[in-house]
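A look at the structure
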Amino acid sequence: MEYKEYNNKHRFMSDIIKMLHLKVDLFIYNLSHDGSYELILYSWINKLYAKGKTTEEAVQLIYKARNILLLNPKHSWCSYTL
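Residues numbered from 1 in each chain as written. Predicted model: local features only at pLDDT ≥ 70, side-chain atom pairs only at ≥ 80, totals over all residues. Heavy atoms only, no water.

**A look at the environment of Val59**
- You can see Val59 is positioned in helix H4 (residues 55-71).
- Between the C-alpha atoms of Val59 and Ile16, which are 43 residues apart in sequence, the distance is 6.3 Å.
- Setting aside residues up to four positions removed in sequence, Val59 forms contacts with Ile16, Met19 and Leu20. (Helix = DSSP H or I, 4+ residues; strand = E, 2+ residues; numbered from the N terminus. Contact = heavy atoms within 4.5 Å.)

In structure tokens form, the structure reads like this:
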């Protein structure tokens, strides 16, 4: 990967993380320690970068995907039963 492309991808990722109100250093720490949420976000960010989305488009898509993942009772991480 060329330096310019790497720099663009890094800026794209850090901008999105900041727009999601996360701290970049904590995000990277949790990612390196296999944090589930961070792994999913990292995967989504990489896919959106590969598709050429802007940071604003990417954040909106992540918000939508996150709501579907967290709030859909069928596929939710939130359990309604005890």
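**Concerning H4**
- With 17 residues, H4 should reach 24 Å at 1.5 Å per residue; the first-to-last C-alpha distance of 24 Å fits that figure.
- Residues of H4 that are buried: Thr55, Ala58, Val59 and Ile62. Projected down its long axis, H4 shows its buried positions confined to an angular sector of 95 degrees, all on one face. Structural note: H4 exposes Lys64, Ile68 and Leu71 on the side pointing more than 90 degrees away from its buried face. (Expected span 1.5 Å × (residues − 1). Buried < 20%, exposed > 50% of the residue type's maximum accessible area, 1.4 Å probe, protein only. Arc of directions from axis to C-beta.)

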